[in-house]
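# Structural characterization, general
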Amino acid sequence: VADKDEAQGLKNIRDFLKVRTGYDVFPLSFRLIVLDTDLLINKSLNIMIQNSIVSAPLWDSHTSRFAGLLTATDYMNVIQYYCQFPEEMSKLDQFRLSSLRDIEKAIGAVPIETISVNPLLPLYEACKGMLKTRARRIPLVDKDDETGREWVVSVITQYRILKFIAVNNEHNTVLLKRTVRELNLGTYTNVATAQMTSPVLDVIQMMVHRNISCVPIIDKDNRLLNVFEAVDIIPCIKGGVYEELAGSVGDALLRRPEDSPGIYTCSEHDRLGAIFDTVRKSRVHRLVVVDDENKLKGIVSLSDILAYVLLSPVD
Ligand code: ADP
């Protein structure tokens, strides 16, 4: 019976996403900071920090077109570039956002496919596109009927979608009674970890190479102390001072803004429904799975949850 309930809950959530659009996810009034591709990369960092944002759509004012999304991954690429071409360091403060694609090419990074979706399309499609490309955020780009010009409405994130599901589907998420372990939700082998004393640069390279957005920080007994996230590098390179990257993860975490959401954990025995309760109440960007002694077992990312909710077979 539990499984029948589970299937019904999943079906209802999918039906919900099929009749909601990108426009439904946003409050009536919100702000969107769009950055011009002529802006210097270093200046963009200050703008991100001052406005407490971690990504922004880019606008090419020469062509009046949407030019992709700026995220922490781009800054990680810049750091990689600096490691591979230290002699270019003096040029770094002249780079503009329009150079990001060249930097990506120079270091041989796999470009993240910048798909955008029309906000009038069902959310279900946007979510599937997100999972397929492994993009963590998708810009919603609409077209003006009269002028044919594009404009960026907003950016949709995995976090926003899960929150939207959680808030509007309490009656369905209670049906999700299977546990994290039963669902084999998340990653439990070969988890990338670091220690407080690890150099930040090593952790950044780990994230770039494995295409992950966080690394749990553990002590020598495998106890969870913190989580280093991709967005944590933004305050580390503020003002274009890349030297601070030589420091330790512990130092870098001290630069976190005061309003950062903190880390969330769960146990293997938690039900998915309970995880949705946490998502409903808090700003969760991932859950670290720990045992009774706070020892690290694995990690459940938002993409793991979204993939299960959208793509798992229900019959
Ligand atoms: P998201 O797409 O939600 O930002 P990630 O990119 O961090 O999440 O996760 C992508 C995949 O990698 C997920 O399946 C997740 O379980 C796994 N993963 C996340 N962090 C780690 C890590 N530190 N070590 C190993 N696997 C990880």
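Below: a short report on this structure. (Residues numbered from 1 in each chain as written. Predicted model: local features only at pLDDT ≥ 70, side-chain atom pairs only at ≥ 80, totals over all residues. Heavy atoms only, no water.)

## Brief notes about the overall build of the protein chain
Counted only if it meets this: Here a helix means four or more residues in a row that DSSP labels H or I, a strand means two or more in a row labelled E, and each is numbered from the N terminus. A radius of gyration in this sense is built from C-alpha atoms; the matching globule rule multiplies 2.2 Å by the number of residues raised to 0.38. Buried, partly exposed and exposed residues are distinguished by accessible area as a fraction of the type maximum, computed with a 1.4 Å probe on protein chains only: under 20%, between the cut-offs, and over 50%, respectively. The contact rule is simple, with two residues in contact once any of their heavy atoms fall within 4.5 Å. Where accessible areas are quoted, they stem from the Shrake-Rupley method and a 1.4 Å probe; at the residue level, only the protein chains shown are allowed to cover. Residues scored as positive are Lys and Arg, those scored as negative are Asp and Glu, and His as well as the terminal groups of each chain are ignored. For this purpose, a charge sits on NZ of Lys, CZ of Arg, CG of Asp or CD of Glu.
Assigned secondary structure in the protein chain consists of 13 helices and ten strands. For 315 residues, the compact-globule estimate of 2.2 N^0.38 gives 20 Å, and the protein chain sits close to it at 20 Å. Taking the principal axes of its C-alpha atoms as reference, the protein chain extends roughly 65 × 60 × 35 Å. Counting only residues that meet the buried cut, the protein chain has 46% of its 315 residues in that class. Within the protein chain, residue pairs in contact and separated by at least 24 positions form 65% of the contacts whose partners lie at least 6 positions apart. Here the protein chain displays about 15,600 Å² of accessible surface, and carbon together with sulfur accounts for 49% of that area. One finds the centroid of the 37 positive side-chain charges in the protein chain at a distance of 3 Å from the centroid of its 41 negative side-chain charges.

## A look at the site of the ligand
Worth spelling out the cut-off: Here a residue is near a molecule or strand as soon as one of its heavy atoms is found within 4 Å of it. As used in this structure description, the phrase polar contact means that two N or O atoms lie within 3.5 Å; if the pair is within protein, one of them must be able to donate a hydrogen and the other to accept it, and residues adjacent in sequence are counted only when both atoms belong to side chains. Nonpolar residues are Ala, Val, Leu, Ile, Met, Phe, Trp, Tyr, Cys and Pro. Charged residues are Asp, Glu, Lys and Arg, and all others, Gly as well, are polar. For the domains described, the bounds stem from an automatic or database domain assignment.
Neighbouring the ligand are 18 residues, the closest being Arg136, Thr187, Ala192, Ser213 and Asp304. Contact distances for the ligand include 3.0 Å between an oxygen atom and a side-chain N or O atom of Ser303. Contact with the protein chains removes 89% of the 540 Å² of surface that the ligand exposes when unbound. Sorting the residues of the shell around the ligand by element identifies strand 6 (214-218), strand 10 (296-301) and helix 13 (302-311) as the ones contributing at least two each. In terms of residues, the shell around the ligand owes the most to one element, helix 13, which gives three residues. A breakdown of the residues in the shell around the ligand according to their chemical character gives seven nonpolar, seven polar and four charged. Shared between two domains, the shell around the ligand takes at least three residues from each, and those domains are domain 1 (2-167) and domain 2 (171-311).

## Concerning the packing of aromatic side chains
Our working rule: Aromatic pairing here means that ring centres of Phe, Tyr or Trp (its six-membered ring) are within 6.5 Å. Orientation follows from the plane angle: under 30 degrees is stacked, over 60 is edge-to-face, and everything else is tilted. Two limits define a charge over a ring: the Lys NZ or Arg CZ must be within 6 Å of the ring centre, and within 35 degrees of the ring normal.
Using the criterion set out here, one finds four aromatic pairs in the structure. Aromatic side chains Phe16 and Phe164 sit 5.3 Å apart centroid to centroid with 35° between the ring planes, which places their arrangement in the tilted category. Highlighted residues: Phe16 in helix 1 (residues 2-18) and Phe164 in helix 6 (residues 158-168), separated in sequence by 148 residues. Ring geometry for Tyr81 versus Phe85: centroids 4.9 Å apart, planes at 45°, classification tilted. Put simply, the rings of Tyr81, Phe85 and Phe95 pair up and form one aromatic cluster. A cation over a ring is seen here: Lys18 above Tyr124, with NZ or CZ 4.7 Å from the ring centre.

## A short note on the environment of His285
Residue placement: His285 occurs in the loop between helix 12 (272-281) and strand 9 (286-290). Discounting chain neighbours no more than four positions away, the residues touching His285 are Tyr159, Glu229, Pro261 and Leu302.

## Comments concerning the sheet that holds strand 10
Where we set the bar: Pairing between two strands requires that DSSP report at least two bridges joining them. All axes here are fitted lines through C-alpha atoms, helices being fitted over the stretch that makes contact, and every angle between N-to-C directions spans 0 to 180 degrees.
With mixed pairing, three strands are arranged side by side in an open sheet as 8-9-10. What marks the edges here is a single partner per strand, and that holds for strand 8 (264-266) and strand 10. For this sheet, the mean angle separating the axes of adjacent strands, direction not counted, is 35°. Here strand 8 pairs with strand 9 via three bridges, running parallel. Paired with Cys266 across the bridge in strand 9 is Val289. On the sheet, helix 13 packs against strand 9 and strand 10 and is oriented at approximately 60° with respect to strand 10.

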